[in-house]
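# Fold and contact review
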Amino acid sequence: MFTVFDPLLITAALLVMIAGTAVRWRSWQRGRKEERSGDWKGLCGYLLSHRKIMRKDRSGIAHLLLFWGVLLPLAVIFLAQFSFVLPAKLAGALSLFLNLLGAAAIVGILFFLVRRMGKDGSPPEGVLPPAVLLLFILLSGFEAQGVRLNIVPAPLWTAPVGALFSALSPASPLFLQLLIRMHLLAVLLLVATLPFTFLRHVTAGALNVYYKSKGPRGALRPLAMEEGCLGAKTVEDLSWKQLLDAEACVSCGRCEENCPAFLSGKPLSPRKVIRTILNQMATPRGSHPLLGEAVTTEELWSCTTCMACVAHCPLYIDPLDKVVDMRRYEVLGKGAAPVEARPMLRNLELFGDVNGKSASHRTDWALNQEVPLLSGQPVEVLLWVGCSGAFHPAYRETTRAMVRILKKGQVSFAILGKEEKCCGDPARRLGEEALFLDLARENIRLFNRFSFKKIVTLCPHCFNVLKNEYPALSDNLLPGNFEVLHASQFVLELIEQQKITLKYPVRSTAAIHDPCYLGRANGVYEPLRKIAGAVPGLVLHEFQRTGESGFCCGGGGGRMWLHESGTHINTLRAKEIAQSGVGLVSTACPYCLTMLEDGLGGLELEKRPKVRDLIDIVADSLG
């Protein structure tokens, strides 16, 4: 029932929406350039399945109902403008389906309104107006249907919800026309205000999914130091995609619900970091306040870079890369690295290892082990020892265990020995990008001198950096003719190829603690469990928080060298371990081994679970 003014109203609403969207577009285009390619197939699959959103059942179902409850009726209304007639039964079935879908959408809106209620009993700013408008559109549509049923009767089964409204509605053509006009105006108002309300995530969120990162989750974005960028001082120092992240955020809180720093009472909130960036984007170009004035150093240095916030965000938002870029400015732009971390960074600069032991002691662990050094002869495996494997008292034993496994499997391997330097992970995660690049380039030049097929490393942090970050260096020194494997992946290959046989039982109930940089960063979960399943006598259980939802040990992101106030993250994890009742905790990371042993040691337990690296367990089972 269009009037002569309706095309003008529709055009005006669309123009306002386009103008508002253009303003929002310009706000995130203020950021630095970043190469991104879109993914239409991924976006369509995301919208159809709601896979990431459905990880939380109730919220996911409510969003799914709301999404389809709005989209499908709009599609039917559009198609109805074309002249075609459906058979009566098919038209009735379609009417029934839309009725039920509309009712489901109302349930979805009410669910989110209740869920978003703040401490004062009201939803956050920007949420209420579009939610009320959507409710009005749906309710006015049902009311109009109820009035129409009183004027022109139809089978009640075709419109059960409309029939409920008809019981309280007059049979008035004038009232029906008024309802239709109000319904249309509400729809146009919703369209016009889309970029200015909470519902802008409809477009920003879709764009963020379209431009989502396709690379490994554990790889940090390179810093354009050659262009004078020393990290994020203001929002204009972030890339346009990082600003789009902030625009797409719906403050659902899933990042906080899984952030170990937030859950242990630290000042860091990934959601607050993103909202701070969004708020500062609203200021005029060139007058952005310093990010450091809104995000404190205590918040920045609380992050363990565990990627839980990244893994659980339903819109592929990455709070971590913003935190790291702000850390980079603190360290490179202001020279304000945390006091506790400075000795470690100095050790890396002078000696090439985090302990400051120097290269002369890097092979002390291999004394009397008959470990071959890499030379001109090609080998299958370069065993990357790492700082922990070379210097940590307990993890030296794990390195020796790995050597025994390689010898038992008759693997051609060697080590770099005194020439190996730290991979640079602690420096990069703490924001010291220049030092990371120096270490990485020295190691890459070393790689180019020798011939090997695989790099195998015990440390997930080394694994992640060597596999995902070295190849992205701008000088492209890495030859790329070898693959990088974590020790668990390689040992599983040896077991499956029957090159080693696990025959001696390790009798214990055990659970796997998934290292963040092995699991969430690189998706390596199954090798740990398959190896544990191959150990005779080992009965495997799962922690409540495991796999993608595993809980961080608290040692990543440079936190191994920083003081931790309040409740310690490793203490929280240790309590979960103690409550699980397992006798053995198996992990595959030197940081996790240290942090979990310390956490369990701080609890007053009558019988404390043992913490062991999976490689040590395999070596024991080999005999």
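Residues numbered from 1 in each chain as written. Predicted model: local features only at pLDDT ≥ 70, side-chain atom pairs only at ≥ 80, totals over all residues. Heavy atoms only, no water.

All right, on to the overall build of the chain then. Across its full length, the chain holds 26 helices and 8 strands. In terms of its C-alpha atoms, the chain occupies a principal-axis envelope of roughly 100 × 60 × 50 Å. Burial status across the chain gives 52% buried among its 623 residues. A fraction of 80% describes how many contacts in the chain between residues 6 or more apart in sequence connect residues 24 or more apart. Of the roughly 28400 Å² of accessible surface on the chain, a fraction of 60% belongs to carbon and sulfur atoms. The positive charge centre, built from 68 side chains, and the negative charge centre, built from 55, are 4 Å apart in the chain. (Helix = DSSP H or I, 4+ residues; strand = E, 2+ residues; numbered from the N terminus. Buried < 20%, exposed > 50% of the residue type's maximum accessible area, 1.4 Å probe, protein only. Contact = heavy atoms within 4.5 Å. Areas by Shrake-Rupley, 256 points an atom, 1.4 Å probe, with all protein chains shown as cover. Lys, Arg positive; Asp, Glu negative; His and termini not counted. Charge placed at Lys NZ, Arg CZ, Asp CG, Glu CD.)

Now for the nonpolar core. In this structure, Met-402 and Phe-447 are the most contacted members of the largest nonpolar core, which totals 102 residues. The greatest single-element share of this core, amounting to 8 residues, is contributed by helix H20 (residues 433-447). (Core = buried A, V, L, I, M, F, W, Y, C linked by side-chain atoms within 4.5 Å.)

With that out of the way, let us pick up the environment of Ser-621. Considering the arrangement of structural elements, one finds Ser-621 in helix H26 (residues 614-622). Among residues more than four places away in sequence, those in contact with Ser-621 are Leu-502, Lys-503, Tyr-504, Val-506, Val-535 and Pro-536.

Quick look at the sheet that holds strand E5 (residues 508-512) now. In a beta sheet, neighbouring strands are held together by backbone hydrogen bonds and run either parallel or antiparallel to one another. On the basis of which strands lie adjacent, the open sheet formed by 4 strands has the order E6-E5-E7-E8 and parallel pairing. Bordering the open sheet on either side are strand E6 (538-541) and strand E8 (610-613), each of which pairs with just one other strand. Between one strand axis and the next, the sheet turns through 35° on average, direction left out of account. Where strand E7 (residues 584-587) and E8 come together, 4 bridges link them in parallel fashion. (Pairing = 2+ DSSP bridges. Axes fitted to C-alpha atoms, helices over the stretch in contact; angles between N-to-C directions.)

So, about unusual backbone geometry. In this structure, His-50 is a non-glycine residue whose phi angle is positive, near 55°. Along the polypeptide, His-50 turns up in the loop between helix H2 (40-49) and helix H3 (57-80). Here His-50 falls in the buried class, since its relative accessible area comes to 1%. The phi angle at Tyr-316 is positive, at roughly 60°, despite the residue not being glycine. Along the chain, Tyr-316 turns up in the loop between helix H14 (308-312) and helix H15 (319-333).

Another point: the sheet that holds strand E3 (residues 452-457). Ordered by their spatial adjacency, 4 strands build an open sheet running E2-E1-E3-E4, and the pairing between neighbours is parallel. Only two strands of the sheet have a single neighbouring strand rather than two, namely strand E2 (413-414) and strand E4 (483-486). Alignment of strand E1 (residues 379-384) against E2, held across 2 bridges, turns out to be parallel. Directly across from Val-381, in E2, lies its bridge partner Phe-413. Seen against the sheet, helix H21 (residues 460-469) touches E1, E3 and E4 and runs at an angle of roughly 165° to E4. Together, E1, E3 and E4 form the strand contacts of helix H22 (residues 487-496), whose direction differs from that of E4 by roughly 90°.

As a further point, take helix H24 (residues 569-580). Helix length check: H24, at 12 residues, gives a terminal C-alpha distance of 17 Å against a target of 16 Å (1.5 Å per residue), a fit within 8%. For H24, the set of buried residues is Ile-569, Asn-570, Arg-573, Ala-574 and Ile-577. Each buried residue of H24 lies within a common arc of 130° when the element is viewed along its axis, so the set occupies one face. Packed against the buried residues of H24 are helix H11 (260-263), E7 and helix H25 (590-601). Looking at the residues trailing H24, positive phi occurs at Gly-581, about 85°. (Expected span 1.5 Å × (residues − 1). Arc of directions from axis to C-beta.)

What follows concerns a nonpolar patch on the surface. A contiguous nonpolar surface patch, about 530 Å² in accessible area, is contributed by Val-4, Phe-5, Leu-8, Leu-9 and Leu-185. In this structure, Val-4 sits in the segment before helix H1 (6-28). (Patch = residues over 30% accessible without salt bridge, like charges linked within 9 Å, V, L, I, M, F, W, Y side chains within 5 Å. Salt bridge = Lys/Arg side-chain N within 4 Å of Asp/Glu carboxyl O.)

What follows deals with the domain arrangement of the chain. Splitting the chain by domain gives domain 1 (5-209), domain 2 (225-336), domain 3 (341-493) and domain 4 (508-621). Between domain 2 and domain 4, the contact holds 16 residues from the first and 20 residues from the second. With both chains or domains summed, domain 2 and domain 4 bury close to 1300 Å², and 63% of this area falls on carbon and sulfur atoms. The largest share of the area that domain 2 buries against domain 4 comes from Lys-266, Thr-304 and Met-307, three residues that together contribute 32% of it. Two residues, Lys-266 and Glu-564, come together in a salt bridge whose shortest N-O distance is 2.9 Å. At the surface where domain 2 touches domain 4, the tally comes to 9 residue pairs in polar contact (both at pLDDT 80 or more). Going through the elements one at a time, H11 and H14 are the ones with two or more residues in the side of domain 2 that touches domain 4. Residues that form the side of domain 2 that touches domain 4 fall into these classes: 9 nonpolar, 5 polar and 2 charged. (Domains from an automatic or database assignment. Buried area = accessible area lost by both parts, 1.4 Å probe. Polar contact = N/O pair within 3.5 Å; in protein donor to acceptor, adjacent residues only side chain to side chain. Nonpolar A, V, L, I, M, F, W, Y, C, P; charged D, E, K, R; others polar.)

Topologically, His-486 is positioned in strand E4. In this view, His-486 contacts Val-456, Thr-457, Leu-458, Cys-459, Pro-460, Phe-463, Leu-518 and Ala-588; residues no more than four positions away in its chain are not counted.

We now examine the state of the cysteines. According to the stated counting rule, one finds 0 disulfides in the structure shown. Here Cys-459 is not cross-linked by a disulfide; its sulfur's nearest cysteine counterpart is in Cys-462, at 3.9 Å. A relative accessible area of 8% places Cys-459 in the buried class. Take Cys-553: it sits in no disulfide, and the sulfur closest to it among the cysteines is that of Cys-592, at 3.9 Å. (Disulfide = S-S within 2.5 Å.)

On to the packing of helix H4 (residues 88-115) against helix H5 (residues 128-151), then. For the pair H4 and H5, interaxial distance at closest approach is 10 Å and the crossing angle is 150°. As the angle between them shows, H4 and H5 are arranged roughly antiparallel. For the pair H4 and H5, the sense of crossing is left-handed. Contacts between H4 and H5 involve Ser-95, Asn-99, Gly-102, Ala-103, Ala-105, Ile-106, Ile-109, Leu-110 and Leu-113 from the first element and Leu-128, Ala-131, Leu-134, Leu-135, Leu-138, Leu-139, Phe-142 and Gln-145 from the second. Of the residues contributing to the contact of H4 with H5, the split by class is 13 nonpolar, 4 polar and no charged. (Parallel < 35°, antiparallel > 145°, perpendicular 65-115°, else oblique. Left-handed = near helix turned anticlockwise from the far one by under 90°.)

As a further point, take the pattern of salt bridges. Applying the stated criterion to the full structure yields 34 salt bridges. With its nearest N and O atoms 2.9 Å apart, the salt bridge here joins Arg-36 to Glu-34. Given the relative accessible area of 16%, Glu-34 is considered buried. Salt bridges here are not isolated pairs; linked through shared partners, they connect Arg-221, Asp-325, Arg-328, Asp-425, Arg-428, Arg-429, Glu-433 and Glu-469.

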